[in-house]
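One-letter residues, chain by chain:
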Number of protein chains: 4
Amino acid sequence: MPEQSHRGADPGNKPIVETRFRVRFYETDQMGVVHHAAYITWFEEGRSAFTRAIGYPYSQLEREGFSLAVAEVNARYHRPAVYDDEVRVIVCLEQLQSRGMTFSYEVRRTSDGELLVSGMTRHISVDERGQVIRISGAFREKLLAGVGRLERGG
Amino acid sequence: MPEQSHRGADPGNKPIVETRFRVRFYETDQMGVVHHAAYITWFEEGRSAFTRAIGYPYSQLEREGFSLAVAEVNARYHRPAVYDDEVRVIVCLEQLQSRGMTFSYEVRRTSDGELLVSGMTRHISVDERGQVIRISGAFREKLLAGVGRLERGG
Amino acid sequence: MPEQSHRGADPGNKPIVETRFRVRFYETDQMGVVHHAAYITWFEEGRSAFTRAIGYPYSQLEREGFSLAVAEVNARYHRPAVYDDEVRVIVCLEQLQSRGMTFSYEVRRTSDGELLVSGMTRHISVDERGQVIRISGAFREKLLAGVGRLERGG
Amino acid sequence: MPEQSHRGADPGNKPIVETRFRVRFYETDQMGVVHHAAYITWFEEGRSAFTRAIGYPYSQLEREGFSLAVAEVNARYHRPAVYDDEVRVIVCLEQLQSRGMTFSYEVRRTSDGELLVSGMTRHISVDERGQVIRISGAFREKLLAGVGRLERGG
């Protein structure tokens, strides 16, 4: 799976989850391609699939009073997606710290595997008042148990 | 102000607020015009301007534990707005009931007054648990005091 | 299938397509539920699935120079969807005319079938310059061949 | 204007444009604050104001067959904006090359000047077929004439 190649020396040690969906019409803009901000929401949808795949859906985390606030986003745009394309969003947990984590992303066109967008997001664990807190032990365990697995979310 | 003409026999009895802004690029789609769902968010932005204009911003209402849940939306699309157009959103409080209200809308291109979209939304007053409740007396007073005024929000 | 009951005397004569997906996080707002404008984009996604299911994807129609401009939208909000819910969008072609068509929609929570939102959209067939034109014979044939089928898109 | 301080030794040599608007309700998510992808669209709205301020609106550029495709986006989130906040988006043209340019951004709360989000976008000049081309001479002139000015767009 060549899309793992940029992930460092030993990508097999990192949990990776893939989800697939089609480009929605409203995600396009007048340039005739997907608007660049839409991919940021696809990264998020990839994270949702990631947490479902490890058995600890983000919705559960939120019900327990935790959130993963976004501290940084980076996206590099290689080729545009167009309406009705099926795309794969591949999410990799790059780093797990006591109070945060970093994910990397690849968005690929399903039909030919072409890399469309790559990126990363950095997150901080916060409670309901927005205070930084340690990531809960139960969530951390699920994240670590996910290491090395390739799951298809969605 | 001809845009009041469709509002019935005595539009002067109803509070009307107008706000203006420019079409944002991401609001367009690959047809080269504003996506139809974007106007629904403009209606909402018009309501925000409306509540600011009467001196009881919706943000204050929410801090006090009330929301105006949307029960129904209708929009009729006459002409498309395009990127960078300045548009006017004209909001009229059509009906005020004990537990709800109805607004009507016109979206017009500022340059020539052309009617782009017309519509209505119906709302129900709910508390923080989503239970239907009476509209607070203070908010109702501000709404009624606004009758007949034409305000420019924004 | 009880959700067909409001569709008139003989719903079996109308093409119906269903598609399923999960609520995305960004579709929520600070009320903690899906923003009312998001359902309008779900209606659209339902139409995309509809055209794929009948074998004439909307993307193909657009490549051939036709669009189905939205002339009217109506949505009634019964219960809110929340983040991570799986929802079913059920689209029914209610009326097919020479230059337009009308779809009706139901959005239901998959887990218990609860009706969340119902609505309709009315469309006009336009060419690339926005001029109203007859719906192409090939597309019409596919639409009519779809009558009575229940397809799962997606 | 303290917000220029991070822009290097001689920020006065770079064109800077500021625009202001209020946070819209639909831009929030269930965390009660503005969704992180919304700021990316604010950067874009800042660029729109920038091009209007230098007298060469982006809409004109597009009519002439040019686009500034987004090649990279970076955003760092410092504090959240909330619904109804008035925010200032400050855009600085950091680099101008023959076939591209880089902008930096600050999003600040108007009431107290607090820095909410900072970021950058990198762009490539493309024609209508998506081919990379030189930035037109007329647009370049307007960009350079804007150097050192502080304009309020909107």
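Residues numbered from 1 in each chain as written. Chains lettered and ligands numbered in written order. Predicted model: local features only at pLDDT ≥ 70, side-chain atom pairs only at ≥ 80, totals over all residues. Heavy atoms only, no water.

1. Observations regarding the interface of chain A and chain D
One frequent convention defines the size of an interface as the accessible area lost when the parts assemble. Every contact between the two is made by 23 residues of chain A and, on the other side, 22 residues of chain D. Between chain A and chain D lies a buried interface of about 1,800 Å² when both sides are counted; carbon and sulfur atoms form 52% of it. On inspection of chain A and its partner chain D, the count reaches 12 residue pairs in polar contact (both at pLDDT 80 or more). The set of elements that each furnish at least two residues to the side of chain A that touches chain D consists of helix H1 (36-53), helix H2 (58-63), strand E2 (67-77) and strand E5 (115-126) of chain A. The element contributing the most residues to the side of chain A that touches chain D is E2 of chain A, with 10 residues. For the side of chain A that touches chain D, the per-class residue count stands at 11 nonpolar, 6 polar and 6 charged. Pairing of E2 of chain A with strand E2 (residues 67-77) of chain D involves 5 bridges; the strand directions are antiparallel. Pairing of Glu72 of chain A across the sheet is with Arg76 of chain D, part of E2 of chain D. (Contact = heavy atoms within 4.5 Å. Buried area = accessible area lost by both parts, 1.4 Å probe. Polar contact = N/O pair within 3.5 Å; in protein donor to acceptor, adjacent residues only side chain to side chain. Helix = DSSP H or I, 4+ residues; strand = E, 2+ residues; numbered from the N terminus. Nonpolar A, V, L, I, M, F, W, Y, C, P; charged D, E, K, R; others polar. Pairing = 2+ DSSP bridges.)

2. A word on the pattern of salt bridges
Taken as a whole and judged by the stated rule, the model has 54 salt bridges over all chains. A salt bridge links Glu45 of chain B to Arg52 of chain B, with the shortest nitrogen-to-oxygen separation between them at 3.8 Å. Take Arg52 of chain B: its relative accessible area is 18%, and that puts it in the buried class. Among the salt bridges present, the one from Glu114 of chain B reaches Arg109 of chain B, with a minimum N-O distance of 4.0 Å. What makes Arg109 of chain B buried here is its relative accessible area of 18%. Where salt bridges share partners, they join Glu18, Arg20, Glu86 and Arg88 of chain A into one cluster. (Salt bridge = Lys/Arg side-chain N within 4 Å of Asp/Glu carboxyl O. Buried < 20%, exposed > 50% of the residue type's maximum accessible area, 1.4 Å probe, protein only.)

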